[in-house]
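What follows is each chain in one-letter form.
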Amino acid sequence: IPAFLCRQTELLVAAAKTRKVVNIKKGQFLSADAMRFAVNKVKESGNENVWLTERGTTFGYQDLVVDYRGIPVMQQYAPTILDITHSLQQPNQSSGVTGGKPELIETVAKAGIAVGVDGIFIETHPNPTEAKSDGANMLRLDLLEELLTKLIKIRKAI
């Protein structure tokens, strides 16, 4: 369920009725604790297979920030994934195109793993500048293996 639609009851109930895993992205405008209401809507519709995805919180008008305190809060309600690349978006840029901070992908990923997220989501592309969407916050594909190796070491350490 996309972040901007995470509060749409009819969509949550319809997704729940598929009996498949329902992954709900936390809206950039919501607290971590508020996601319990979305989880409850899915579970009350008879589907216990629900995940949450943290993707940052609006910080000012042109940036997102991850509040890592929210990850264990959301984990009280459902397994929680960290959407690393979308968390680094910079919406509403003066150019009219969403920007990003891909140089922080490794930092955000390491912090998420250290906090104990249940999974990660990373958009990658051989050449992010040529990507059809979200290229400004993507990881170059040739950097993925090294990053995943580092993240596995952190996970094993904790």
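Conventions and cut-offs
By convention here, each chain's residues receive numbers from 1 onward along its written sequence. A pLDDT threshold of at least 70 governs which residues receive local features in this predicted model, and a stricter bar of 80 or more applies before side-chain atom pairs are shown or counted, although totals over entire chains, interfaces and linings include all residues. To obtain the side-chain values, all non-hydrogen atoms of the structure were used and water was disregarded. Strand pairing is assigned whenever DSSP identifies at least 2 bridges connecting the two strands. Helical segments are the DSSP runs of H or I of at least four residues, strand segments are the runs of E of at least two, and each set is numbered from the N terminus. Under this scheme, a helix contributes an axis fitted over its contacting stretch, all axes are lines through C-alpha atoms, and angles between N-to-C directions fall in the 0 to 180 degree range. Helix span is expected to be 1.5 Å times the residue number reduced by one. Relative accessibility thresholds used throughout: buried, under 20% of the residue-type maximum; exposed, over 50%; partly exposed, between the two (1.4 Å probe, protein chains only). The arc in question is traced by the directions running from the helix axis to the C-beta atoms. Residue contacts are counted whenever heavy atoms from the two residues lie within 4.5 Å of one another. Here, a salt bridge means any Lys or Arg side-chain nitrogen found within 4 Å of an Asp or Glu carboxyl oxygen. For cavity detection a 1 Å grid was placed over the protein atoms alone, and a set of points counts as a cavity when a 1.4 Å probe fits there but cannot get out; an open set counts as a pocket when protein lies on both sides within 12 Å along at least five of seven lines, with lining residues being those that have an atom within 4 Å of a point. Grid points are joined across faces, edges and corners, and a volume is the space filled by probe spheres set on the points. Note on residue classes: Ala, Val, Leu, Ile, Met, Phe, Trp, Tyr, Cys and Pro are nonpolar, Asp, Glu, Lys and Arg are charged, and everything else, Gly too, is polar.

Participant: Teacher, can you tell me more about the sheet that holds strand S1 (residues 22-25) here?
Facilitator: By definition, the strands of a sheet pair up through backbone hydrogen bonds, in either a parallel or an antiparallel sense. Spatial ordering of the open sheet is given by S1-S2-S5-S8, a layout of 4 strands whose pairing is parallel. The outermost strands of the open sheet, each flanked by one partner alone, are S1 and strand S8 (119-121). Going across the sheet, the axis of each strand differs from the next one's by a mean of 30 degrees, ignoring polarity. Both S1 and strand S2 (residues 50-54) contribute to a ladder of 4 bridges, which runs parallel. Within S2, the position partnered with isoleucine 24 by the bridge is leucine 52.

Participant: Got a minute to help me understand helix H5 (residues 144-157) in this structure?
Facilitator: Residues three or four positions apart in an α-helix share a direction because the helix packs 3.6 residues into each turn. Here H5 spans 20 Å end to end across 14 residues, near enough to the 20 Å set by a 1.5 Å rise per residue. Every buried residue belonging to H5 is among Leu144, Leu147 and Leu151, and all of these are buried. Buried residues along H5 cover an arc of 65 degrees about the axis, so they all sit on one side. What points out from H5, more than 90 degrees from its buried face, is the exposed set Glu145, Lys153, Lys156 and Ala157. Contacts made by the buried residues of H5 are with helix H4 (105-115), S8, strand S9 (124-125) and strand S10 (139-140).

Participant: So what exactly am I meant to see when it comes to the pattern of salt bridges here?
Facilitator: Pairing of side chains with opposite charge becomes possible as their charged atoms draw close. Following the criterion strictly, the structure yields 9 salt bridges and no others. For lysine 101, the salt bridge is made with glutamate 103, and the minimal N-O distance between the two is 3.8 Å. When its relative accessible area of 32% is taken as the criterion, lysine 101 is described as partly exposed. On the basis of relative accessibility, which here comes to 54%, the residue glutamate 103 falls in the exposed class. In this structure, glutamate 146 and lysine 150 form a salt bridge, with 3.5 Å as the shortest nitrogen-oxygen distance. With glutamate 146 and lysine 150 both in helix H5 and 4 residues apart, this pair spans about one turn of that helix. In this structure glutamate 146 comes out as partly exposed when scored by relative accessible area, which is 49%. Relative accessible area serves as the criterion here: at 29%, lysine 150 is assigned to the partly exposed category.

Participant: Help me understand unusual backbone geometry, please; the structure alone is not making it clear to me.
Facilitator: Negative phi is the rule for most residues except glycine; trans is the rule for most peptide bonds. The residue arginine 19 is not glycine, and still its phi comes out positive at about 70 degrees. Considering the arrangement of structural elements, one finds arginine 19 in the loop between helix H1 (9-16) and S1. In this model, aspartate 134 sits at a positive phi of 65 degrees, which is unusual for a non-glycine residue. With respect to the element layout, aspartate 134 can be found in the loop between S9 and S10.

Participant: Which parts of the structure should I look at to understand the layout of surface pockets?
Facilitator: Empty space left among the atoms is revealed by rolling a probe the size of a water molecule over them. Approximately 200 Å³ is the volume attributed to the largest pocket. Taken together, the elements giving at least two residues each to the lining of the largest pocket come down to H4, S10 and H5. At 3 residues, the largest contribution of residues to the lining of the largest pocket is made by H5. Put simply, the second largest pocket is a space of about 150 Å³. Taken together, Asp63, Leu64, Val65, Val66, Tyr68, Ser87, Leu88, Gln90, Lys101, Leu104 and Val108 make up the lining of the second largest pocket. Of the residues in the lining of the second largest pocket, the class split is 7 nonpolar, 2 polar and 2 charged.

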